[in-house]
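Structure assessment
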Amino acid sequence: MPSISSPGWVIPSFSLAQRELVRFLRQRNRIIGSLFTPIMFWLPIGLGMGKSFTAGGGGGGDYLQYMFPGTVLMVMLFTAIFSTISIIEDRREGFLQSVLVAPVPRKAIVLGKIFGGTALAAGQGAIFLLLAPLAGIHFTFGGILLSLLIMLLTSFALTALGVCIAWRMQSTQGFHAIMNLFLLPMWLLSGALFPADQARGVVRWIMYANPLQYSLSALRLSMFNRLPGVNFGMAGWGEIGITLVFAAALFAVASAMVAKPIDADLQ
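First things first, this report covers the structure right here in the doc. The shown structure was predicted, so the numbers you read here are calculated from the model rather than taken from an experiment. (Residues numbered from 1 in each chain as written. Predicted model: local features only at pLDDT ≥ 70, side-chain atom pairs only at ≥ 80, totals over all residues. Heavy atoms only, no water.)

Section: the overall build of the protein chain
Assigned secondary structure in the protein chain consists of 11 helices and zero strands. In the protein chain, the succession of α and β elements from N to C terminus is α-α-α-α-α-α-α-α-α-α-α. Intrachain contacts of the protein chain at a sequence separation of at least 6 include 77% that bridge at least 24 residues. (Helix = DSSP H or I, 4+ residues; strand = E, 2+ residues; numbered from the N terminus. Contact = heavy atoms within 4.5 Å.)

Describing the environment of Ser15
Here Ser15 shows up in helix α1 (residues 7-26). Overall, Ser15 belongs to the partly exposed group, its relative accessible area being 36%. A C-alpha to C-alpha distance of 9.6 Å links Ser15 and Lys113, two positions 98 residues apart in sequence. (Buried < 20%, exposed > 50% of the residue type's maximum accessible area, 1.4 Å probe, protein only.)

What to know about the packing of helix α3 (residues 63-83) against helix α7 (residues 141-166)
In contact at an axis separation of 8 Å, α3 and α7 are set at 40° when each is read in the N-to-C sense. α3 and α7 meet at a crossing whose hand is right-handed. Across the interface between the two elements, Val72, Leu73, Met76, Leu77, Ala80, Ile81 and Ser83 of α3 pack against Met151, Thr154, Ser155, Leu158, Thr159 and Gly162 of α7. Per-class residue counts for the contact of α3 with α7 are eight nonpolar, five polar and no charged. (Axes fitted to C-alpha atoms, helices over the stretch in contact; angles between N-to-C directions. Left-handed = near helix turned anticlockwise from the far one by under 90°. Nonpolar A, V, L, I, M, F, W, Y, C, P; charged D, E, K, R; others polar.)

Here we look at the environment of Ile39
Checked against the element boundaries, Ile39 lands in helix α2 (residues 28-49). A relative accessible area of 17% places Ile39 in the buried class. Along the primary structure Ile39 and Phe68 are separated by 29 residues, whereas in three dimensions their C-alpha atoms are 9.6 Å apart.

Section: the nonpolar core
One finds Phe68, Val72, Met76, Phe175 and Met223 to be the most contacted residues of the largest nonpolar core, which totals 72 residues. Residue contacts for Phe68: discarding those within four places in its chain leaves Trp42, Phe128, Leu129, Leu131, Ala132, Ala135, Ile137 and Met223. (Core = buried A, V, L, I, M, F, W, Y, C linked by side-chain atoms within 4.5 Å.)

See below:
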């Protein structure tokens, strides 16, 4: 079996990732939607609830500021997840079947799809970071490097999750239904809108069990590192570790799913 550094891995993975980037850049409506939808979500809610909500988790009392990292997470979530819809489209058009019968490891196909979605999601999130001064967030050099590292890991995990969901699906309608049923609540209960320690009962425990909660907490700490009383420290690195484990686990699941042939591969 070829090593991950051999052409049997590198060329197919790079080609599939490049295809995802080219497809995205040719669809201007996706670029506009993935950036402006979160902005339209962040500003009205942040400004509307700012005086009625005391934000915790290192964001001080400014709700617009508190909500900014969660909006960055939304940008990455939508971009990463929607990039994996191409799996359904590629299968319907016959492109995926031709890739699956090619003499390349199936994990290379998974890596190509995930790397492409990761680059798109992290890139869109990085562009959104340019709005940070509007929320009163001013990065240190170390803070922005940490933020980009966390965004890359989170984007990788979210894209791998999208691959797991899309691989066995044959319609985009079903994909959207799963997103509304599962992915949006996952984001809502990540601490994007309110901190876990202000939730009650079972909602609090669901939030603590949500891996995205730790990714978002690490991202928030890296952004607010200049504020008084905020220290990235061991807690932040521990949350990065959880995100890394989350990403690796989802990659393993996606690889196992792709390795197993399904009926739709022959259609």
